[in-house]
Each structure stands twice: as structure tokens, then as C-alpha cells.
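# Coordinate analysis (summary)
The primary structure of each chain is shown beneath.
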Amino acid sequence: MSDFSSSGSDEDLDPELELLDELGGKLSKWTNYIHGWQDRWIVLKGNILSYYRSADEKEYGCRGSICLSKAVITPHEFDECRFDISVNDSIWYLRAENPLLRQQWIDTIELHKAESGYGSESSLRRHGSLLSLTSAASGLSTTSASSFKKGYSLQEKLAEMETFRDILCRQVDTLQKYFDNCADIDSKDELHRDKGEEIEFCYITVLSDCGTNFASVFSVDSLKGSLGIDFKGEAITFKATTAGILSTLSHCIDILVKREESWQRRLDKEIERRRRAEDAYKAALTELKKKPHYGGPDYEEGPNSLINEEEFFDAVEAALDKHDQIEEQSHAERSRASRQISLPPDTYSSISPPKYLTKPHSQTSSLSSIDLISASDDVHRFSAQVEEMVQSHMTYSLQDVGGDANWQLLVEEGDMKVYRREVEENGIVLDPLKATHAVKGVTGHEVCHYFWDTAFRNDWETTIESFQVVETLSDKAVIIHQTHKRVWPASQRDVLYVSVIRKILSTNENDPDTWLVCNFSVDHDSYPPSARCIRAKINVAMICQTLISPPEGDKEITRDNILCKITYVANVNPGGWAPASVLRAIAKREYPKFLKRFTSYVQEKSSGEAILF
């Protein structure tokens, strides 16, 4: 047996040897209703297509053969691997391992049929586009007797059903011809009976597939002579066919049930997998908000950041929440070991009747030099800027903004109100903020003192990573470099500013005492902007007025008689590329928290201490 392939040339072929060659390969052949599809060795030689049980049993002779002279090769309509070869009433149902191999078989047989002259294989051997059936089919067999077992593929069972259908249609046609002939003979018998002819009849009872008895009266000799049909044999075959169909249908149902169960399990697993993936995604997103270095520089604040505005806000908010938790824990620890501050003892003078009273002159103390500050006492190279800032804040910051449509009320909690006016310049948020608050039990001097003195900065300021006094301009003015904690994905920021504390001298003794702390950005050769931080610009003022309600009789003033009215204004240019909506949302959240935290700190520190006017 030889393979035919495109490797040979016409000159290499010996015509005498070619006539002796066989073309063979393994296909699955439909055998019967019980064994279904069986692997068989198919041989094409001359004008004959033969099959053997296997290639090793060729010596025992073929198990069947057909002549291809008038054979019709029909590819199956639905089964891509099956093709039928029919010669008159003889049909072979064959299946290849795959659609490609089926087509090779069909092409081979058709070409052989058309070009070989019913015997020559020379032209077939020369067709270089075909592959060897032996080499193509010898690797894996298709279906075998085990294909009828439960659990095999549904495609195999459907192929069997197609085969059963074809066989059943043929059997129905045969039985229909038989019954039609019976009807014709019965009509002739009626005619003969009328003429008085006696005809011998016999009765034959045949059991059908479903158990129904069919009784027909006919002339045995005339039926066999006219049809040549073994009715009993056809009935048995019909019964076997229907039994095979029912069995295959049962197997198909079993396969479908198993597949349904399998698909249901796969669906359940897929649903569970997606649920776990969704949970993992949420967990990863939460971790993303917590990790300041996640995603690299492409996911941080910058001109080409890949993080969108919503994700930016979520990440900043998560980081601030974490900072708040840490601060709450540290505050609890600080409250147990708070540092004591030494404040100068005050003597109190008699109280005069006006509604707002000026404080009595305090005795000399470590902080008495701050009392009664005048502009001429504080001279340095930034004095002109300081005077300009102080005059501006005293002129505009104390104005009531309640009726101004340009100011929006953001937060109102008790005595505290926070306003904002939206301003943008070149895409950067420059919103001025203004807050008013009233704090009982503390003076304006005390509030400004704790706000200005760097010795207490870390006690109440939670957003600072580090700060340093760069230069002391006077005992009332310093230059401070301040680095704020980074809140990912925002870039870290620092501020370099002059901080001044001043008492505003009043012209009317009934006016309340007013203290002011003013912080505004400046440049300094020792601290130029660095690539590590974005240098923010600020102009901040804390203006505090002390209101005293007169005590009864000659009683001394206590903290119950004191109320501090605070006006806090902030103009901040954050720089960088943080989204405007994020900056405004953070400002709305953080400024009220800062005021409450700072004023609570001042109340706590001042409680039990002598009043500092």
C-alpha cells in the first residue's frame, strides 16, 4: 500500500507499478443498529472500494465492496464529517475524523472515478494537491462501538440519528410498496370472486415493531413473485431501527441532561468567579486610595496624569480620612501628657460700666512686650509689606459678607460660618475663604498667641510634616518655611511666608481689644522652590476681638465673662494641577475642621490659666 502525495514527479512513476498500488485509510462505517459506528480500513483499488475490519486483517479478505462506476458520493447536509456512497440500493455510511479529511476522501474518489477510466490510478496519483489517506487517517480513529455508550458527544449521537432516519425512510418506502401491492392484489381477488373463480388464500400474521398485529390476506405466490420482498424480515428490521432510534434518543436526552448540569455548574462557578473578581476589584481600589505610590508618576498630580477627577477626589478623601484617624489617636495620647504653658500672672482692675470693657494693664511678664504694639516698634525689611497687609485686612476682612451675593455660605455650625467666593486664574483655583466664629472663655490675645507662636504649632496643626524658622525679623515677626504632609495623589506642597503678630490700637476705649496674625508669602535665598514640592502662595489673617460682659457688682472678670470673636481669611494659590472641584471640596471639608480643632485647643490650653488680655 502506498501514499499519494505531491512529492513525486511524473517521470518517477512506473505505470505498471501504479496499477498495482492501493489507496487506503481508516474511516468509521455504520455497521448495524447495535454496534453503530465502527472503525474500518477502506481500500480504493481499481474501480472497487472495499473495506476490511482492520489493516492487519486484509489477508482474511474484505468484508464488503462496491463498484464505483455508477456510485453517487453525497456529503451529509449537517454532519461535517460524514459522507454516503450509494450504488443502486446499496449505501455505505462513512465518517472521517474531521471535515478536511472527509473532503480529501470525496475528492479522491471523485477524481479517481472521473480520471482513472474505471481502473487506472495514474492520473489520481499525479494530483499533487491531495494528501495520503493513509497518513491523514492513521493517527486517530473517529467513532467506534464505544460511541454508542452514554457520555459520548452529542454530535456523534445526532449523526447516528441522521443515519437511522435515512434507513427508516428506506424501510418505510419498501413497506409502503408492499402494502400498495397488497391492495392491488386484493382488488384483483374481489374481481375474481365475482366471476365465480376460486382462489386459494392463506393468512399470514406479522408482528409489528410496536406490538400491533397486522393481518393481510394475499396470494403468497403472487406477492413474492411480484415484489420479491421478505415482509417478515423487513418488519424485524423496521423494529430494530425504531429500537435504535429510541435508544439513541434516550442517550441524547441523557447527554443533554448532563450538559445542562455541567453548564449550570459552570454558570455557578462563573458567577462566583465574577463575584470574587468584583470583591477583589473593590479591595484593590480601596488599597489604591491608601497607597501613595501606586501606579507610578502617571497616576499622580501632574499635567499628564492618567487619574480622572473622581478617582483623584476619592483617593484624597481616603487619605485625609486616614490622617484624621491617626490624629484622633495621637490627640488622645497628647491630652494625657499635655505640656504646661507658662502665662504671666495678671492683676485685674476695677470694671467700668460700658458694654465692652478694655482689659486692665497687665504687669510685666514674658509676653508683656507684645502688649500695646505700635507700627514704629516693629521695623525690618518687610515692614512696608506688613503695613500694607495689615491695613488691607483691617479694612476689608472685617466687613460683613452676609448680604454680598459674591460670597457663598459653605458651612454653618453653631456660631461658626464659612464663606467662599469662587475665583480662578489660568485654571488655578484662587477662591478666597472667610470664616467667622465666636469662642467663649478665651481672649483675642490668647488665640493669636497660640496661632502665631511656633512652639505650639505641632500641638494643633495636623497637616504639617515639618517647619523651620528661617529668619527672625523681630520679636513679633519671623520667616517660616513649612512643608505640608503629602496627600496622594496630590503633590506635596511647601510654603515660605512671613508671620507677624500685632495688637491693633483702638481710638475708642469702648472698642474691643483686637489682635491680628498675618501670614503672607515671600521669597528667601536660603529656601528656593525645589522639585520635590510645589511652592504654594498664601495670604492669611487671623483677626481676634475680645468682648467682655461686665460681671455683677465688684466681682472679678472670669472666663465666663469673655467671648472672642474670630475672623479668619485665607487667600491661597495652591499651584500645581489639582482639579478645581477637588480643591473646593477639600477646602469645604478642612477649613471648618481646622477652626474647630484650633479653637478647642486654645480653650483647653487656656482653661485654668490666668487670662491674657
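Rules used throughout
Residues numbered from 1 in each chain as written. Predicted model: local features only at pLDDT ≥ 70, side-chain atom pairs only at ≥ 80, totals over all residues. Heavy atoms only, no water. Helix = DSSP H or I, 4+ residues; strand = E, 2+ residues; numbered from the N terminus. Buried < 20%, exposed > 50% of the residue type's maximum accessible area, 1.4 Å probe, protein only. Contact = heavy atoms within 4.5 Å. UniProt positions renumbered as here; feature names shortened; annotations may be inferred. Salt bridge = Lys/Arg side-chain N within 4 Å of Asp/Glu carboxyl O. Pairing = 2+ DSSP bridges. Axes fitted to C-alpha atoms, helices over the stretch in contact; angles between N-to-C directions. Core = buried A, V, L, I, M, F, W, Y, C linked by side-chain atoms within 4.5 Å. pLDDT = per-residue confidence, 0-100. Phe/Tyr/Trp six-rings, centres within 6.5 Å; stacked < 30°, edge-to-face > 60°. Parallel < 35°, antiparallel > 145°, perpendicular 65-115°, else oblique. Left-handed = near helix turned anticlockwise from the far one by under 90°. Nonpolar A, V, L, I, M, F, W, Y, C, P; charged D, E, K, R; others polar. Expected span 1.5 Å × (residues − 1). Arc of directions from axis to C-beta. Disulfide = S-S within 2.5 Å.

### Looking at the overall build of the protein chain
When its secondary structure is counted, the protein chain shows 12 helices and 21 strands. Relative to its full complement of 613 residues, the protein chain shows a buried share of 42%. Long-range pairs, those at least 24 residues apart, make up 63% of the contacts in the protein chain with a sequence separation of at least 6.

### Brief notes about the UniProt feature "coiled-coil region" (unreviewed entry) in the protein chain
When the UniProt feature table is mapped onto this chain, "coiled-coil region" (unreviewed entry) is found at residues 260-287. Taken end to end, residues 260-287 has its terminal C-alpha atoms 40 Å apart, with 100% of it in helix and 0% in strand.

### Topic: the pattern of salt bridges
Where charged atoms of side chains with opposite charge meet at close range, the side chains can pair. The tally for this structure, following the rule as stated, stands at 28 salt bridges. Taking the shortest distance from any N to any O, the salt bridge between aspartate 279 and arginine 275 comes out at 2.9 Å. Note that aspartate 279 and arginine 275 are positioned in helix 7 (residues 231-290) at a spacing of 4 residues, about one turn of the helix. Arginine 275 gets classed as partly exposed once you look at its relative accessible area, which sits at 41%. Taking the shortest distance from any N to any O, the salt bridge between lysine 417 and glutamate 412 comes out at 3.9 Å. Overall, lysine 417 belongs to the partly exposed group, its relative accessible area being 29%. Counted as one network, the salt bridges with shared partners bring together Arg82, Asp84, Glu162, Arg165 and Asp166.

### Quick notes on the sheet that holds strand 1 (residues 23-32)
On the basis of which strands lie adjacent, the open sheet formed by 7 strands has the order 4-3-2-1-7-6-5 and antiparallel pairing. Taken across any chain shown, the strands that pair with only one partner, and hence form the sheet edges, are strand 4 (64-67) and strand 5 (72-75). Averaged over all neighbouring strand pairs, the angle between strand axes comes to 35 degrees, with direction disregarded. Strand direction decides the pairing type here: strand 1 and strand 7 (residues 90-95), joined by 2 bridges, are antiparallel. Pairing of lysine 29 across the sheet is with leucine 94, part of strand 7.

### Some words on the pairing of strand 14 (residues 433-440)
Here strand 11 (residues 416-420) pairs with strand 14 via 4 bridges, running antiparallel. Note on strand 14: the bridge partner recorded for arginine 420 is leucine 433.

### Notes on the nonpolar core
Formed by 38 residues in total, the largest nonpolar core has its most connected members in Val447, Phe451, Met542, Tyr568, Phe594 and Phe598. Here this core takes 7 residues from helix 12 (residues 580-606), the largest share from any one element. Sequence-distant contacts of phenylalanine 594, defined by excluding residues within four places in its chain, comprise Phe451, Trp460, Met542 and Tyr568. Leu23, Leu44, Phe83 and Ile106 belong to the second-largest nonpolar core, a separate cluster that totals 20 residues.

### Side note on the confidence of the model for the protein chain
Averaged over all residues, the pLDDT of the protein chain equals 75, while 73% of them reach at least 70. Note that pLDDT drops below 50 for residues 118-151; the model gives that stretch 109 contacts with residues more than four away or on any other chain.

### With respect to the pairing of strand 15 (residues 464-474)
Pairing analysis gives 8 bridges linking strand 15 to strand 16 (residues 477-484), with the strands arranged antiparallel. Across the sheet, residue threonine 472 finds its bridge partner in strand 16, namely valine 478. Connecting strand 15 to the antiparallel partner strand 16 that follows it, the hairpin turn spans 2 residues.

### A look at the packing of aromatic side chains
Scanning all chains against the criterion turns up 12 aromatic pairs. Ring geometry for tryptophan 30 against tryptophan 37: centres 5.8 Å apart, planes inclined by 75 degrees, an arrangement best described as edge-to-face. Each of the two residues, tryptophan 30 as well as tryptophan 37, counts as buried. Centroid distance tyrosine 450 to phenylalanine 456: 5.0 Å. Interplanar angle 75 degrees. Geometry classified as edge-to-face. There is no split in this pair, since tyrosine 450 and phenylalanine 456 are both buried. Site record: aromatic cluster; members linked through ring pairs are Phe451, Trp460, Tyr568, Tyr591, Phe594 and Phe598.

### Concerning the packing of helix 10 (residues 444-452) against helix 12
Where helix 10 contacts helix 12, the two axes come as close as 10 Å, and the packing angle between them is 110 degrees. Taken together, helix 10 and helix 12 sit at an angle that is classed as roughly perpendicular. Two packed elements cross with a definite hand, and for helix 10 against helix 12 that hand is right-handed. Touching Glu446, Val447, Tyr450 and Phe451 of helix 10 are Phe594, Phe598, Tyr601, Val602, Lys605 and Ser606, all from helix 12. Taken together, the residues that form the contact of helix 10 with helix 12 break down as 7 nonpolar, 1 polar and 2 charged.

### Some words on the environment of valine 522
Position of valine 522 among the secondary structure elements: in the loop between strand 18 (513-521) and strand 19 (534-535). Under the relative-accessibility criterion, valine 522 is labelled buried at 6%. In this structure, the C-alpha to C-alpha distance between valine 522 and phenylalanine 382, residues 140 residues apart in sequence, is 9.1 Å. Once residues within four sequence positions are removed from consideration, valine 522 is found in contact with Phe382, Ile479, Leu496, Tyr497 and Val498.

### Things to note about helix 10
Most of helix 10 sits out of view: 9 of its 9 residues are buried. For helix 10, every residue scored as buried is listed here: Gly444, His445, Glu446, Val447, Cys448, His449, Tyr450, Phe451 and Trp452.

### Concerning helix 9 (residues 383-397)
The end-to-end C-alpha separation of helix 9 is 20 Å, in line with the 21 Å expected for 15 residues at 1.5 Å each. Burial in helix 9 covers these residues: Ser383, Val386, Val390, His393 and Ser397. Viewed along the axis of helix 9, the buried residues span an arc of 105 degrees, placing them on a single side of the element. Turned more than 90 degrees from where helix 9 packs its buried face, Ala384, Glu388 and Tyr396 sit exposed. Elements in contact with the buried residues of helix 9: strand 14, strand 17 (493-504), strand 18, strand 20 (537-548) and strand 21 (562-573).

### What about the state of the cysteines?
The term disulfide refers to a covalent linkage connecting the sulfur atoms of a pair of cysteines. Under the criterion given, the structure shown has 0 disulfides. There is no disulfide at cysteine 564, and the cysteine sulfur nearest it, in cysteine 544, is 4.4 Å away.

### A word on the environment of leucine 158
Along the chain, leucine 158 turns up in helix 5 (residues 154-194). The spatial distance from the C-alpha of leucine 158 to the C-alpha of threonine 248 is 8.4 Å, given a sequence separation of 90 residues.

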